[in-house]
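This is what each chain is made of:
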Amino acid sequence: MTNQAAVPNSPSLWMNSWPWPDRDSHKHVRGHLGCVSGPASSTGAVRLSARAGLRVGAGLVTLFSPPGAVLVNASHETAVMVKSFSDVESLKALACRTQCTLIGPGAGLTRDTIDNTLAVLEGAASAVLDADALTMFKEQPQRLFSAIKGPALFTPHEGEFRRIFPDLPVSGDRVDAVSKASKQSGAVIILKGASSLVASPDGRLVENTHASPFLATAGSGDVLAGIAGGLMAQGMDAFDAACAACWVHGELGLRLGPGLIAEDLPEALPALLHELYAART
Ligand SMILES: NC(=O)C1=CN([C@@H]2O[C@H](COP(=O)(O)OP(=O)(O)OC[C@H]3O[C@@H](n4cnc5c(N)ncnc54)[C@H](OP(=O)(O)O)[C@@H]3O)[C@@H](O)[C@H]2O)[C@@H](O)CC1
Ligand SMILES: Nc1ncnc2c1ncn2[C@@H]1O[C@H](COP(=O)(O)OP(=O)(O)O)[C@@H](O)[C@H]1O
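Anyway, here's the lowdown on the structure attached to this text.

Conventions and cut-offs
- Residues numbered from 1 in each chain as written.
- Chains lettered and ligands numbered in written order.
- Predicted model: local features only at pLDDT ≥ 70, side-chain atom pairs only at ≥ 80, totals over all residues.
- Heavy atoms only, no water.
- Helix = DSSP H or I, 4+ residues; strand = E, 2+ residues; numbered from the N terminus.
- Rg over C-alpha atoms; globule rule 2.2 N^0.38 Å.
- Contact = heavy atoms within 4.5 Å.
- Axes fitted to C-alpha atoms, helices over the stretch in contact; angles between N-to-C directions.
- Parallel < 35°, antiparallel > 145°, perpendicular 65-115°, else oblique.
- Left-handed = near helix turned anticlockwise from the far one by under 90°.
- Nonpolar A, V, L, I, M, F, W, Y, C, P; charged D, E, K, R; others polar.
- Expected span 1.5 Å × (residues − 1).
- Buried < 20%, exposed > 50% of the residue type's maximum accessible area, 1.4 Å probe, protein only.
- Polar contact = N/O pair within 3.5 Å; in protein donor to acceptor, adjacent residues only side chain to side chain.
- Near = heavy atom within 4 Å.
- Areas by Shrake-Rupley, 256 points an atom, 1.4 Å probe, with all protein chains shown as cover.
- Disulfide = S-S within 2.5 Å.
- Phe/Tyr/Trp six-rings, centres within 6.5 Å; stacked < 30°, edge-to-face > 60°.

In this section: the overall build of the chain. On a plain count of helices and strands, the chain comes out with 11 helices and 10 strands. In summary, the chain has a C-alpha radius of gyration of 17 Å against a globular reference of 19 Å for 281 residues, a match within 12%. By principal-axis analysis of the C-alpha atoms, the chain measures approximately 50 × 45 × 35 Å. The long-range fraction of contacts in the chain, counting pairs at least 24 apart against all pairs at least 6 apart in sequence, stands at 67%.

Packing of helix α1 (residues 44-55) against helix α11 (residues 264-279) leaves a shortest axis separation of 9 Å and a crossing angle of 15°. For the element pair α1 / α11, the angle class is roughly parallel. The handedness of the crossing between α1 and α11 is right-handed. Side by side, α1 and α11 meet where L48, R51, A52 and R55 of the first sit next to P266, E267, L269, P270 and L273 of the second. Residue classes in the contact of α1 with α11 are distributed as 6 nonpolar, no polar and 3 charged.

Looking now at helix α10 (residues 238-256). Between its terminal C-alpha atoms α10 stretches 26 Å, which fits the 27 Å expected from 19 residues at 1.5 Å a residue. Taken across its 19 residues, α10 has 16 buried, putting it largely inside the fold. Two or three places before F239, at the opening of α10, D237 has a side-chain oxygen 3.2 Å from that residue's backbone nitrogen. Directly after α10, the chain includes G257, whose backbone phi takes a positive value near 60°.

Attention now moves to the site of ligand 1. In the vicinity of ligand 1, 15 residues are found, and the nearest of them are G106, D132, H157, R163 and D222. Within the side chain of H157, an N or O atom sits 2.9 Å from an oxygen atom of ligand 1. Between ligand 1 and G159, the relevant distance is 3.3 Å, taken from a nitrogen atom to a main-chain nitrogen or oxygen of the residue. Across the complex, the protein chains shield 46% of the 910 Å² of accessible surface that ligand 1 would expose by itself. Of all the elements in the fold, those that place two or more residues in the shell around ligand 1 are α5 (131-135) and α7 (158-164). In terms of residues, the shell around ligand 1 owes the most to one element, α7, which gives 5 residues. Grouping the constituent residues of the shell around ligand 1 by class yields 4 nonpolar, 5 polar and 6 charged.

On to the state of the cysteines. Within the structure shown, the criterion is met by 0 disulfides. Free cysteine C96: the closest other cysteine sulfur is in C100, separated by 13 Å. For C96, a relative accessible area of 48% gives the class partly exposed. Free cysteine C100: the closest other cysteine sulfur is in C35, separated by 8.2 Å. On the basis of relative accessibility, which here comes to 0%, the residue C100 falls in the buried class.

Turning our attention to the packing of aromatic side chains. Scanning the model with the defined rule gives 7 aromatic pairs in all. Ring geometry for W14 and W18: centres 5.9 Å apart, planes at 45°, overall tilted. We note that W14, like W18, is buried. Aromatic pair F145 and F165: ring centres 5.4 Å apart, planes at 15°, arrangement stacked. In this pair, F145 is assigned in helix α6 (residues 141-146) and F165 in the loop between α7 and α8 (174-185), connecting sequence segments 20 residues apart. The buried category is assigned to F145, whose relative accessible area is 7%. An aromatic cluster of three or more residues is present, and its members are W14, W18, W20, W247 and Y277.

Put into structure tokens, the structure is as follows:
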């Protein structure tokens, strides 16, 4: 047991590290987020992440798309860019040009997702792994953990957490489970749920209860991953970005309430960001 108490999440924990642009900032200074698309039939999830990353302030967001999904991605996107990759080497080369690359939402339960996830961890300066990028390592979690070179954030829901940390029961002491998981893997972890826990390998631990049950809707977690990735692309520490993303995501859920769908979340960000910007010290 860790006997560790989680610190309640609040803007005071991360507001001073929020990456606001300077007067002279240009888009390249504001960071480049890459988001890896799945196949043509499942591109929506990662587009939600990309949109959230752009809204939260990344200067550039590019969808890295397999050739067969380029048309569907390009026909949906305007400010988000689309680049094709045909193999792991070309994906790695694209990820190398980002400050953060996100993979997993809608990636698909295929061997390609394993290879692409490893390429992202090798190429990108930092990485966010969600959904299928975690699930696909359920038979070989150590292979995933060994591939982490830089800051990495995992954003599992409980089902995904159980798959890659089968020895750490989340049905019991969640704080203990997520703390150990973070140390075991070397990644910052958001264990999502009605209350979300954020753990860092260095022992930091925060609990976010600032949220709404209306966030329990398809694609909401994809947006959370995109917010965190967008902040990491702008240079925010992975743990601070994870805490900030949980709070902001929760606040959006509280504001939007009944009728909320995932697409609403990135579009509601500007009003909230205006308030945080005005409140900065
Ligand atoms: N718009 C789009 O394109 C969208 C596409 N999406 C994409 O779909 C793919 C599949 O993702 P997914 O999360 O829906 O399914 P999956 O990984 O099979 O896990 C489901 C199983 O896990 C368990 N479980 C336990 N606790 C849980 C919890 N708190 N929350 C949820 N599940 C929990 C539970 O099983 P049980 O514990 O009941 O046995 C449950 O049956 C993935 O690529 C994702 O990105 C989505 O993002 C939606 C929007
Ligand atoms: N009852 C709830 N109260 C508050 N937040 C919730 C609740 N249920 C789910 N959430 C949040 O909604 C998001 C759901 O993410 P996830 O399960 O990955 O869905 P998806 O894969 O559809 O994006 C998480 O951020 C989670 O913390």
